[in-house]
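Residue strings, one per chain:
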Amino acid sequence: KHATELAALAPDVILAHGGSSVGALLQATRTVPIVFLVAVDPVAAGFVDSLARPGGNATGFLSYEYGISGTWLELLKETAPSVTRVAVIRDPTLPSDVAQFGVIQATAPSLRVEIIPLNMRDPSEIERAVTSFALTANGGLIVTSSALAQFNRDLIVTLAARHNLPAVYPERLFVAAGGLISYGPDYIDQYRRAAAYVDRILKGEKPADLPVQAPTKYELAINLKTAKALGLTVSPALLTRADEVIE
């Protein structure tokens, strides 16, 4: 409804955050230029024909590349070396979450870690799954990037603390809420880059000719208070790499 109302205003360009916004807008208009941010897989979603040549009225910026999921597992092992079992909290209805899980699985053998999927459809399912997983020792968590993870952020962070589970998250907002560590794209940088695309479109360029771009800046955030509560010592090397440290 809101997308239709917005498109009816015939703006010169629309800036859209997230795949759900883009999908609704493209149903409402195929003529108004759209610049999107935080889109997981715009080709698979049908937003663009290809990353290099979008072809339609939308272009923008990927939220991340799938390879980042393997980095999450590496960071978890570096922060908590004793972890041998890792639960991946994911939305099973999202192809992007399934893909993230696949990358984590592929990375696991080299780190000698067992990977267990935990589906999140609602808060009660998340709580049951994490509580059951925590009954066995040497566990850790990875939270994939999705709207459901964002919506249940406080619950997931609380459960990780309650069950003494080291956890890696996709965005710094989780660390600000008390999570241990996060690694993900710098969205402020994406908005700056999106402003440049908006400027180019206002000056006459077409979204169809502007390639979809991947993130160029990622940020690592660490919560030392949480690490201390979990009995973990974060290495100086990891702290040096961090963009933000909460003490």
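Structural data are supplied above this passage.
Not measured: the values here are computed from a predicted model.

**Q** How should I be thinking about the overall build of the chain in this particular structure?
**A** Across its full length, the chain holds eleven helices and ten strands. What you see for the chain is a C-alpha radius of gyration of 19 Å, in line with the 18 Å of a compact globule of 247 residues. Counting only C-alpha atoms and orienting by the principal axes, one finds that the chain spans roughly 55 × 35 × 30 Å. Looking at the chain as a whole, 48% of its 247 residues qualify as buried. In the chain, 68% of the contacts between residues at least 6 apart in sequence involve partners at least 24 apart. Surface exposure of the chain reaches about 11,500 Å², of which carbon and sulfur atoms provide 54%. Charge-centre separation for the chain: the mean point of 21 positive side chains lies 2 Å from the mean point of 24 negative side chains.

**Q** Looking at this structure, I do not really get the side chain of Glu125. What am I missing?
**A** Looking at where Glu125 falls in the secondary structure, it is placed in helix α5 (residues 123–133). On the accessibility criterion, Glu125 (17% relative accessible area) is buried. Within the local environment of Glu125, its side chain forms a polar contact with the backbone nitrogen of Arg121, the two atoms lying 2.8 Å apart. Among all residues touching Glu125, those that are not within four sequence positions of it are Asn119 and Met120.

**Q** It is not clear to me how the pattern of salt bridges should be interpreted in this structure. Could you clarify?
**A** In a structure, side chains of opposite charge can pair up when their charged atoms sit close to one another. On inspection of all chains with the given rule, the structure shows eight salt bridges. Ionic pairing is found between Arg121 and Glu125, a salt bridge with its closest N-O pair at 3.0 Å.

**Q** Help me understand the packing of α5 against helix α7 (residues 153–162), please; the structure alone is not making it clear to me.
**A** When two helices pack together, their arrangement is given by the angle between the helix axes and the distance between those axes. In contact at an axis separation of 11 Å, α5 and α7 are set at 20° when each is read in the N-to-C sense. Classified by the angle between their axes, α5 and α7 sit roughly parallel to one another. Every pair of crossing elements has a handedness; the one defined by α5 and α7 is right-handed. Of α7, the residues touching α5 (which contributes Pro123, Ile126, Glu127 and Val130) are Leu155, Ile156, Leu159 and Arg162.

**Q** Hey, could you run me through the packing of aromatic side chains in this one?
**A** For any pair of aromatic rings, the description consists of the separation of the ring centres together with the inter-plane angle of the planes. Scanning all chains against the criterion turns up five aromatic pairs. Taking 6.3 Å as the distance between ring centres and 55° as the angle between the ring planes, the aromatic pair formed by Phe36 and Phe47 counts as tilted. Of this pair, Phe36 sits in strand β2 (residues 34–39) while Phe47 is found in the loop between β2 and β3 (58–62), placing the two residues eleven residues apart along the sequence. Since its relative accessible area comes to 12%, Phe47 is described here as buried. The ring of Phe101 has Arg90 lying over it, and the distance from NZ or CZ to the ring centre is 4.7 Å.

**Q** Would you mind going over the sheet that holds strand β10 (residues 244–246) with me for this structure?
**A** Strands belonging to one sheet form pairs held by backbone hydrogen bonds; the direction of such a pair is parallel or antiparallel. Ordered in space as β5-β4-β6-β7-β8-β9-β10, the seven strands form an open sheet in which the pairing is mixed. The sheet terminates laterally at β5 (114–119) and β10, the two strands that pair on one side only. On average, adjacent strands in this sheet sit at an angle of 20° to one another, irrespective of strand direction. The pairing of strand β9 (residues 218–223) with β10 spans three bridges and is parallel. Each residue of the ladder has a partner; that of Asn223, found in β10, is Ile246.

Rules and cut-offs
Residues numbered from 1 in each chain as written. Predicted model: local features only at pLDDT ≥ 70, side-chain atom pairs only at ≥ 80, totals over all residues. Heavy atoms only, no water. Helix = DSSP H or I, 4+ residues; strand = E, 2+ residues; numbered from the N terminus. Rg over C-alpha atoms; globule rule 2.2 N^0.38 Å. Buried < 20%, exposed > 50% of the residue type's maximum accessible area, 1.4 Å probe, protein only. Contact = heavy atoms within 4.5 Å. Areas by Shrake-Rupley, 256 points an atom, 1.4 Å probe, with all protein chains shown as cover. Lys, Arg positive; Asp, Glu negative; His and termini not counted. Charge placed at Lys NZ, Arg CZ, Asp CG, Glu CD. Polar contact = N/O pair within 3.5 Å; in protein donor to acceptor, adjacent residues only side chain to side chain. Salt bridge = Lys/Arg side-chain N within 4 Å of Asp/Glu carboxyl O. Axes fitted to C-alpha atoms, helices over the stretch in contact; angles between N-to-C directions. Parallel < 35°, antiparallel > 145°, perpendicular 65-115°, else oblique. Left-handed = near helix turned anticlockwise from the far one by under 90°. Phe/Tyr/Trp six-rings, centres within 6.5 Å; stacked < 30°, edge-to-face > 60°. Lys NZ or Arg CZ within 6 Å of the ring centre and 35° of its normal. Pairing = 2+ DSSP bridges.

Just geometry here; none of it tells us what the structure is for.
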